[in-house]
Amino acid sequence: MSRRQQHRWGRLRSEQPVGKVRTAADLKPGDKAVVKTLNTVMSRQHLNKLMALGLLPGTKLVLLQRSPSLVLKVGETILAVDETIGRLVEVEPEN
């Protein structure tokens, strides 16, 4: 990843955090996690759509299936997203 700054939820980030960042695409079916951030590399339209569907920082999610697309349960909403979008949703596994 380049060292150029990226805009993320109103804050500027100049470099990748220490350690591996987990994303929704890294989860296995049945894994539970909490959304940390949505990477704003995606278009503003996609970002607004995901937020309108309830995918917000602090929200709990469960990965239901990986193929042919990632199926996430977010609250009472079930979302199907491709892996590219799943890689932009940074999560923290729930214990």
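Use the structure listed above.
This section reports on the structure supplied with the text. Small disclaimer: the values here were computed from a predicted structure and weren't measured.

### What about the pairing of strand β5 (residues 70-74)?
Phase 1: Counting buried residues in β5 gives 4 out of 5 residues, a clear majority hidden from the surface.
Phase 2: Bridge analysis of strand β4 (residues 60-65) against β5 gives 4 bridges, and the strand direction is antiparallel. Bridged to Leu61 within β5 is Val74.
Phase 3: Remark: 4 residues form the turn of the hairpin made by β4 and β5, two consecutive strands paired antiparallel.
Phase 4: In this structure, the hairpin formed by β5 and strand β6 (residues 77-81) is closed by a connection of 2 residues, where Gly75 is found at a positive phi of approximately 65 degrees.

### Observations concerning the sheet that holds β4
Phase 1: Strand order in the open sheet made by the 5 strands is β6-β5-β4-β3-β7, with antiparallel pairing throughout. Two strands close off the open sheet at either side, each with one partner strand: β6 and β7 (89-93). Within this sheet the neighbouring strands show an average axis-to-axis angle of 40 degrees, counted without direction.
Phase 2: Pairing of strand β3 (residues 32-38) with β4 involves 3 bridges; the strand directions are antiparallel. Looking at the pairing, Lys32 lines up with Val62 of β4.

### Here we look at the environment of Lys60
Phase 1: Mapped onto the secondary structure, Lys60 falls in strand β4.
Phase 2: Lys60 sits 32 residues away from Glu92 along the chain, and the two C-alpha atoms are 9.5 Å apart.
Phase 3: Ignoring sequence-local partners within four residues, the contact set of Lys60 consists of Ala33, Val34, Lys73, Val74, Gly75 and Glu94.

Here is what the cut-offs are and how they apply
- Residues numbered from 1 in each chain as written.
- Predicted model: local features only at pLDDT ≥ 70, side-chain atom pairs only at ≥ 80, totals over all residues.
- Heavy atoms only, no water.
- Buried < 20%, exposed > 50% of the residue type's maximum accessible area, 1.4 Å probe, protein only.
- Helix = DSSP H or I, 4+ residues; strand = E, 2+ residues; numbered from the N terminus.
- Pairing = 2+ DSSP bridges.
- Axes fitted to C-alpha atoms, helices over the stretch in contact; angles between N-to-C directions.
- Contact = heavy atoms within 4.5 Å.

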